[in-house]
Amino acid sequence: MYIHEYEAKNLLKKFDIAVPQGWLITSKDDLKKIWTENNLQKAVLKAQIHAGGRGKAGGVKLVSTYQEAIAVFDELFNKKLVTSQTTEEGILVSKLYMEETANIKKQLYLAVVLNRKKSVVSVVASADGGMDIEQNTADDKSSLISFNIDSELGVKEYDLRETFKQLSLDKMLYSQFAKLVKKLYHIYLKYDATLIEINPLIIDDDNNLVVLDAKMNFDDNALYRQPEILQFKDDKEQDENEVKASSYGLSYVALDGEIGCLVNGAGLAMATMDSIKFAGGNPANFLDIGGKASADIIADAMTIIISLSTVKGVLVNVFGGINHCDVIAKGIVMSLTNASKNIPVVVRLQGVNYQEGKRIIEESGLPIYLTDSMDEGSDLIVKLCSKEADDVDLGR
Ligand code: GDP
Ligand code: MN
């Protein structure tokens, strides 16, 4: 789960990490009040969305008069911001963060990140921070310095000194740097983060390290024990169907293909997506209905998939173990009876009560194609969704 920059900075502030003074703005009145009360002469206005690349997309603006601030507010607020990290549609900006300006002597990059390949937490630093870091390091990673943290020993002084040396910074900054890395690692562990990325971390005029931008991501599976983080959950930033599905207790991830999938079990769901790919199609979603889904929930899940404008057909692939095939069949029939659009649906049911499940589907009189194997099902749904659909022998 991502949180906003201003939320991340408030969290860092609790641990005495230096961040610029800032104010959250959700209306023009807020802006007016804060500008006058604090007697501001200039400021930075930053769009708060769960995506980076804002600077290059015009989502971070320096203003030096109140009039300019109002103009930037009008330009950004309640408008969609498209950055290199959003979809083409962009994300609606409903919050701005206004900060006092910082005088930047140097921009650094510093991150504490889950290293999935090595199963450790790594620290990554660069003396070449700022908006171009992705481009600058795409081909040549030599400016990135990193070390892994031993989970038993914590951050070792040796690694800090070595990294600091390679950053070629003024020696006076070492104790600030070492403290900051240790604090970030402490926060990372305490809140079950998977990423804390500071870019840029700046050296300001007074030779202090200041966090100018912060991006944080947390492990969804640990949120149950992180009430402080959970309160930052912003459903507006997430795919609306993912939010809906998660409220039913389903694991759903939106993808950009044309074939909807309703499957039980994460492994079978992955295999089904592979099988669709092999057949020449593209999955529109990942959906694991888990083991406890009732017919109503299956119907709701099916309705979510069918209502996606990109979906041209649906493949249901269920191996009934904990789930019973008759319950799944009832859910499918319920949703297709009231479906908003007519699209081909291929169903493969195996396992507990599969005969009863097939009977329910056959007797429904709905245009549902039954199949006995996953790969046949994938081939069929891909053909039904492609232009040659007319030529397919449907052999129901
Ligand atoms: P991002 O593009 O989404 O990562 O947004 P950032 O918060 O990193 O802002 C983009 C860039 O704006 C930073 O890399 C800085 O160079 C610049 N910036 C942000 N705040 C200030 C500030 O207070 N003063 C100055 N001079 N530049 C700033
Ligand atoms: Mn940034």
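Residues numbered from 1 in each chain as written. Chains lettered and ligands numbered in written order. Predicted model: local features only at pLDDT ≥ 70, side-chain atom pairs only at ≥ 80, totals over all residues. Heavy atoms only, no water.

(A) Quick look at the packing of aromatic side chains. Tallied over the entire structure, the rule returns six aromatic pairs. Aromatic side chains W35 and Y66 sit 6.1 Å apart centroid to centroid with 55 degrees between the ring planes, which places their arrangement in the tilted category. With W35 in helix 2 (residues 28-37) and Y66 in helix 3 (residues 66-76), this pair connects stretches of sequence that are 31 residues apart. Of the residues examined, Y66 reaches a relative accessible area of 24% and is grouped as partly exposed. (Phe/Tyr/Trp six-rings, centres within 6.5 Å; stacked < 30°, edge-to-face > 60°. Helix = DSSP H or I, 4+ residues; strand = E, 2+ residues; numbered from the N terminus. Buried < 20%, exposed > 50% of the residue type's maximum accessible area, 1.4 Å probe, protein only.)

(B) Expanded view of the coordination of the manganese ion (ligand 2). The coordination sphere of the manganese ion (ligand 2), as far as protein atoms go, consists of N199 (O) and D213 (OD), spread over 2.2 Å. Residue N199 is found in strand 10 (residues 193-204), and its partner D213 is found in the loop between strand 11 (209-211) and strand 12 (214-218); the two are separated by 14 residues along the sequence. Its relative accessible area of 14% is what places N199 among the buried residues. By relative accessible area, D213 is classed as buried at 19%. (Donors = N, O, S within 2.8 Å, 3.2 Å for Na, K, Ca; no water.)

(C) Quick look at the packing of helix 5 (residues 157-167) against helix 6 (residues 174-190). It is at 10 Å that the axes of helix 5 and helix 6 come closest, and there the two elements cross at 125 degrees. Classified by the angle between their axes, helix 5 and helix 6 sit oblique to one another. In the packing of helix 5 onto helix 6, the handedness of the crossing is right-handed. Between helix 5 and helix 6, the residues in contact are E157, L160, R161, T163, F164 and L167 and Y174, F177, A178, V181 and K182, respectively. Grouping the amino acids of the contact of helix 5 with helix 6 by side-chain chemistry returns seven nonpolar, one polar and three charged. (Axes fitted to C-alpha atoms, helices over the stretch in contact; angles between N-to-C directions. Parallel < 35°, antiparallel > 145°, perpendicular 65-115°, else oblique. Left-handed = near helix turned anticlockwise from the far one by under 90°. Contact = heavy atoms within 4.5 Å. Nonpolar A, V, L, I, M, F, W, Y, C, P; charged D, E, K, R; others polar.)

(D) Representation of the environment of E134 in the model. You can see E134 is positioned in helix 4 (residues 133-138). Taking the C-alpha atoms as reference, E134 lies 9.8 Å from G53; in sequence the two are 81 residues apart.

(E) Quick look at the pairing of strand 2 (residues 43-47). Taking burial as the measure, the five residues of strand 2 include five buried ones, the bulk of the element. Side chains of strand 2 alternate between two faces, with A43, L45 and A47 and V44 and K46 buried alike. In the sheet, strand 2 pairs with strand 3 (residues 60-63) via four bridges, with the strands oriented antiparallel. Each bridged residue has a counterpart across the sheet, and for A43 the counterpart in strand 3 is V63. (Pairing = 2+ DSSP bridges.)

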